[in-house]
Every structure is written in C-alpha cells, then in structure tokens.
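# Structural characterization, general
Okay, here's what each chain looks like letter by letter:
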Amino acid sequence: MIKTEHLRYAYQTDTEETIKFVLDDVNLTVNKGEFVAVLGHNGCGKSTLAKHFNGLLLPSGGMVYINGMNTKQEDLYQEIRKNVGMVFQNPDNQIVATVVEEDVAFAPENLGVPSDEIRHRVDEALKTVGMYELRLHAPHLLSGGQKQRVAIAGAIAMEPECIVFDEPTAMLDPKGRSEVIETMLKLKNEKNMTVVLITHYMEEAARADRVVVMDRGKILRDDTPKNIFSEVKFLKGLGLDVPQVTELCYLLAKAGIPVPQDVLTVEECADALMQLL
Ligand SMILES: Nc1ncnc2c1ncn2[C@@H]1O[C@H](COP(=O)(O)OP(=O)(O)OP(=O)(O)O)[C@@H](O)[C@H]1O
Ligand SMILES: [Mg+2]
C-alpha cells in the first residue's frame, strides 16, 4: 500500500548551510490491510513522514509509492489523495460544516461525486463510526471523541484504501480515546482498510500489527508490538514509555520475580500474576 525508499526530507526554511534532514533514509513498507503504529519522541519526524503518505509533502530525496504510484508524479496527485485519507489531532480544525452529515459530505462533494452516491457514502460512513443517529446534530456540540469520529467518517466517505491517523486521540479524554481506537480497529477488521497510526499512547500502539519506532528522522525498529515492547530499556532511552502492564512486569522481573517480559494487555498481566500466586 505504502512504500518509502531512502526517503529524505528537509523543510525549505533551512538555509543551504544549516540543512537538516528531518527524515533521513527512511525505508518503510505498509502492506494492504495492515495496522501499523508509529512511535517516536516529539519532533522526530512522524508527522513529516505521514504527510508523505498522501502527497502533502514530496521527498527531498528518495521515493514514496502509494499503490505503486510515485507521489512525485504530478498527474497522479488526485488519485493518490483518493487512496490515502488523513485524520489529524484536532477535530475542531477538521470540521467545516454546521451539520454532521454535511460535514461528512463535504470532501466527496468537492470531488464531484454524484449526489445519490454521496447520500449512500455519507450514511455508510456515519454508521461505520457509530454517528448515524447524530447525523443532523451540530458538530460543535459533540464531545471530542464524537467529533473525531465525524472527522473519520469524512475520511471514509472518500472511500480510501488507507487512512493515516496523526495523533487522533491526543486531545481526547479516555472515553473518546477508546471510541476512536475501536473505530480504527473496526476499519481494519471489518472494512479491510490499511491503518497507519501515529501515537504517543503505548496502549494504542500495542493493538497494532506492527510498531515502527522513529528517532531523529530515522527508523530504529520495525517489529511486532510484543518484540518492540519487550525492549523496555531501549524505549526508555528514547524517551518513550511502554504499556503500564509491560512496565509492571519489567519491574517485577528486575526485582527477581519470574514474570514474562512480553506482556501487553491487562488480561495477559493478570494471567501471569495468577500463575505466580
Ligand atoms: N513547517 C515546518 N517548517 C520547518 N520545520 C518544521 C516544520 N514542521 C516541522 N518541522 C521540524 O521538523 C522536525 C520534525 O517535525 P514533525 O512535526 O514531523 O515531528 P513529530 O514527530 O510529528 O513531532 P510531534 O510528536 O511533536 O508531533 C521538527 O524538528 C520540527 O521542528
Ligand atoms: Mg506530529
């Protein structure tokens, strides 16, 4: 679905002498139907990378392919934007209309999709994110999690194969976060969509098929959540956390208590502790 080859990127505000590659030789493949989480400290280049996935930014060096289409090829821009949707952190910046369903219809209308087709897409998208009942409500009166689900519906209405989420839960309370993460999992599991999730929440990354760890413009790790989070010391060295239950097991093991080091969920942790008792 997505492939980057030796991707480098420098923002143009840099002068010739101070040129700084915010992305430096990034090689990443995201397969169709996969759920990939991207972790990394603030400023390491996650959002810059995400913006390469639908042509919002173009490589300074190397290549990005979306379904085999080179993002540098200008005539493919529209097609690439149709293939990959984006959802950002702040739902308030993404909502443009005063009625939920009009907001979801906005992008396909701009694309010139026929109106009966739009009606169908909007209803389907709102059902998928669980916001169909609230379709006639005013978006600004919704909770953060609900607004973000409307933003996701807006992305789905474009019928992309892949959605890239850039910290979609950062401004949400725990309930809103869980609504959004469940919606993302549903897109992958029921709609067969490819999901890329940039997040600072380790519990969210633990739900992905694969986790990519970035630092200063480079990919340092690309592996299953279990393998990634078993490297507690490495992650902490990068200023990253691990899921709380992983940390608990890590500390127990350090204290000499024999518990597994690849625990990711509360259930797995409870099982491990029960075994001990
Ligand atoms: N428009 C811009 N112009 C110049 N430099 C930028 C621009 N946007 C980001 N940068 C710089 O590029 C680097 C990577 O930024 P980016 O936003 O991709 O990081 P990030 O990993 O998404 O961080 P965060 O976790 O805070 O969202 C940072 O050093 C940042 O200051
Ligand atoms: Mg960012």
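Preceding block: the structure.
In this text the structure is predicted, and so the values were computed from the model without any measurement. (Residues numbered from 1 in each chain as written. Chains lettered and ligands numbered in written order. Predicted model: local features only at pLDDT ≥ 70, side-chain atom pairs only at ≥ 80, totals over all residues.)

Turning to helix α11 (residues 244-254), its buried residues are V245, T246 and C249. Taken down its axis, α11 places every buried residue within 105° of arc, on the same side. Opposite its buried face, α11 presents the exposed residues Q244, L251 and K254, each directed more than 90 degrees away. For α11, the secondary structure elements touched by its buried residues are α9 (225-229), α10 (232-237) and α12 (266-276). The positive-phi residue at the C-terminal boundary of α11 is G256, with phi of around 90°. (Buried ≥ 20, exposed ≤ 12 C-beta atoms within 10 Å, placed from the backbone. Helix = DSSP H or I, 4+ residues; strand = E, 2+ residues; numbered from the N terminus. Arc of directions from axis to C-beta. Contact = placed C-beta atoms within 7 Å.)

Attention now moves to unusual backbone geometry. Unlike most non-glycine residues, D25 shows phi in positive territory, near 60°. When you line up the elements, D25 lands in strand β2 (residues 23-30).

The biggest cluster of nonpolar side chains holds 74 residues, and the ones touching the most others in it are V104, A153, I163, V164 and V196. For this core, the element with the most residues is helix α6 (residues 144-156), which contributes 6 residues. Apart from the residues within four sequence positions on either side, V164 is in contact with A50, F53, N54, V84, M86 and V196. (Core = buried A, V, L, I, M, F, W, Y, C linked by C-beta atoms within 7 Å.)

Taken together, Y11, T13, V22, G40, N42, G43, C44, G45, K46, S47 and T48 are the residues near ligand 1. In terms of residue count, helix α1 (residues 46-52) provides more of the shell around ligand 1 than any other element does, 3 residues in total. Residue composition of the shell around ligand 1, grouped by class: 3 nonpolar, 7 polar and 1 charged. (Near = placed C-beta within 6 Å. Nonpolar A, V, L, I, M, F, W, Y, C, P; charged D, E, K, R; others polar.)

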